[in-house]
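Chain residues, written in single-letter form:
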Amino acid sequence: KKHAGHKEFFACGPGGPVTHAPPFLFFRMFLYSQCLSRFVYYPMAENQQPSLMSRIIAANLRLAGIKHRTTFQAYMKEQSRRTDVRPPAFMYNKFAIHYRTFRGRKVWTLRAKGASCRQHIFYLHGGAYVVNFTLPHWRYMGTLAERLHATVIAPDYPLAPEHHAEEVFDMIVPLYRKVLNDAGNSALALMGDSAGGGLALALAQVLKERKIPQPARIVLLSPWLDISMSNPQIAQVDKEDPILNVEGLIASGKQYAGGLDPRDPRVSPVYGPMEGLAPVTVFIGTHDVLLPDCRRLKLRAESAGTPVSVHEYKGMLHDGMLYPIPEARDIRDRIVEILRCRETGTQRS
């Protein structure tokens, strides 16, 4: 078989794959990670040095020059390649997977077969608002469903440049309300990675504005919180990030915003109201250009009295929690603990 799955797994742009590196690079990285994960895995904490696997992946991405290829044109090329997005065939053996059509778009539901599911996760995928679900997203949602005995609801929301932010909210707000009515807010978590993380926070702000109940918890993975990318501290982190291309992000963000100002909270929730939101937990790597805005979010939330915890992992790359690295395992364990504690009424950050 082709190694397309490995390619996606190791070369994520803002929640989406980068497919312009030599195939041998991805195969080599796959072999490295599989061998290391079997023989030298050890638990990682956010204050430790980067794991060996994380450093190998970063070095290979730098060698391939991925950063200079994550342009808006590359995202569009990937979008045109993904005309029929669905979970990989192997997942149907382990999970009950269904979809329904909601306002003209597919909404996927995934749960472990035979599991009694009380917890619900409303998951918004990343991809610079241009690229759809990738293999790492399906794997990650499957892991959450299995570990938490949860039902994961994942909308195939409208993508730029054909669609814009206002159309996205026209879909996901009523969909969230329907899921809320089915699950109840005490058993509902809102989660997203990269662009989907920014969208998840923006959705929570819109819910507050419209007096719709918040979820029990909000979990953001490497969230893209400001499409303007105007934070002056980004330039420093940009030197360490081997994946994200700032100009490519700005171009994608403009297409997604449509007629909205780039600092409109619906597309850049770091500028939005933080009062009255559900508790927020953020996971991010220190070699991710989106880190400065996560730090800014924490400061704004603290001043508004909203509990926000930001977990920074040294040397971890963008969307590193989707990679087969020790840091990702630690993050998954933390997420499981957080969401289980919310279900039992215990407070964890």
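Conventions and cut-offs
- Residues numbered from 1 in each chain as written.
- Predicted model: local features only at pLDDT ≥ 70, side-chain atom pairs only at ≥ 80, totals over all residues.
- Heavy atoms only, no water.
- Pairing = 2+ DSSP bridges.
- Helix = DSSP H or I, 4+ residues; strand = E, 2+ residues; numbered from the N terminus.
- Axes fitted to C-alpha atoms, helices over the stretch in contact; angles between N-to-C directions.
- Contact = heavy atoms within 4.5 Å.
- Buried < 20%, exposed > 50% of the residue type's maximum accessible area, 1.4 Å probe, protein only.
- Core = buried A, V, L, I, M, F, W, Y, C linked by side-chain atoms within 4.5 Å.
- Phe/Tyr/Trp six-rings, centres within 6.5 Å; stacked < 30°, edge-to-face > 60°.
- Expected span 1.5 Å × (residues − 1).
- Right-handed = clockwise from strand over helix to strand, strands pointing away.
- pLDDT = per-residue confidence, 0-100.

Section: the sheet that holds strand S8 (residues 308-313)
Strand pairing in a sheet is mediated by backbone hydrogen bonds. Such pairs are either parallel or antiparallel. Taken together, eight strands build an open sheet; the order of strands is S1-S2-S4-S3-S5-S6-S7-S8 and the sheet is mixed. Looking at strand neighbours, the two that pair on one side only are strand S1 (95-102) and S8, the edges of this open sheet. Going from strand to strand, the sheet's axes swing by 20° on average, the running direction of each strand aside. Two strands pair when backbone bridges link them, and strand S2 (residues 105-112) and strand S4 (residues 151-155) are joined in this way by four bridges, in the antiparallel orientation. Residue pairing in the sheet places Trp108 in a bridge with Ala154 of S4. Sitting on the sheet, helix H7 (residues 195-209) is in contact with strand S3 (120-124), strand S5 (188-193) and strand S6 (217-221), with an inclination near 140° to S5.

A look at the environment of Ala128
With respect to the secondary-structure elements, Ala128 resides in the loop between S3 and helix H5 (135-148). A residue is classified by how much of its surface remains accessible, and Ala128, at 0% relative accessible area, is buried. The sequence separation of Ala128 and Ala160 amounts to 32 residues, and the corresponding C-alpha distance is 8.8 Å.

A short note on the nonpolar core
Ranked by internal contacts, the top residues of the largest apolar core, which has 109 residues, are Ile121, Phe122, Leu203 and Ile335. Per element, the largest residue contribution to this core is ten residues, and it comes from helix H6 (residues 165-183). Not counting chain neighbours up to four residues away, the residues in contact with Phe122 comprise Ile153, Pro155, Ile172, Leu175, Tyr176, Val179, Leu188, Ala189, Leu190, Met191 and Leu203.

Considerations on the packing of aromatic side chains
Tallied over the full model, the rule gives six aromatic pairs. An aromatic cluster is present here, built from Tyr99, Trp108, Phe133 and Trp138 joined pairwise through their rings.

With respect to the pairing of S1
On a regular strand, one side chain projects to one face of the sheet and the next to the other, so that they alternate. One ladder, built from eight bridges, connects S1 with S2; its direction is antiparallel. For Thr101, the partnering residue across the bridge sits in S2 and is Lys106.

Examining H6
Here H6 spans 26 Å end to end across 19 residues, near enough to the 27 Å set by a 1.5 Å rise per residue. Taken residue by residue, H6 has Ala165, Val168, Phe169, Met171, Ile172, Val173, Leu175, Tyr176, Val179, Leu180 and Ala183 as its buried positions. Count one or two residues on from H6 and you reach Gly184, which has phi positive near 85°.

Thoughts on the side chain of Thr151
Looking at the secondary structure, you find Thr151 in strand S4. Setting aside its immediate chain neighbours within four residues, Thr151 contacts Thr109, Leu110, Arg111, Cys117, Gln119, His120 and Ile121.

Section: the pairing of S3
Most of S3 is tucked away, with five of its five residues classed as buried. Covered by surrounding structure in S3 are His120, Phe122 and Leu124 together with Ile121 and Tyr123, the residues of both alternating faces. Where S3 meets S4, three bridges bridge the pair, whose relative direction is parallel. Counted as the bridge partner of Phe122 is Ile153 from S4. As for the winding sense of the linkage, the β-α-β connection from S3 through H5 to S4 is right-handed. Bridging between S3 and S5 involves five bridges; their strand directions are parallel. Across the sheet, residue Phe122 finds its bridge partner in S5, namely Leu190.

Section: helix H10 (residues 291-304)
Each turn of an α-helix holds 3.6 residues, which means side chains three or four residues apart point in the same direction. In this model H10 runs 20 Å from its N-terminal to its C-terminal C-alpha over 14 residues, within 8% of the 20 Å that 1.5 Å per residue would give. Three or more residues of H10 are buried, namely Leu291, Pro292, Asp293, Cys294, Leu297 and Ala301. Among the residues trailing H10, Gly305 stands out with phi positive, at a value near 80°.

Some words on the confidence of the model for the protein
Model confidence for the protein is summarised by a mean pLDDT of 87, while 83% of its residues fall at 70 or above. Per-residue pLDDT stays below 50 along residues 1-13; that stretch engages in 42 contacts with residues further than four places along the chain or on separate chains. Across residues 36-42, where pLDDT falls below 50, the model places eleven contacts with residues more than four positions away in sequence or in other chains.

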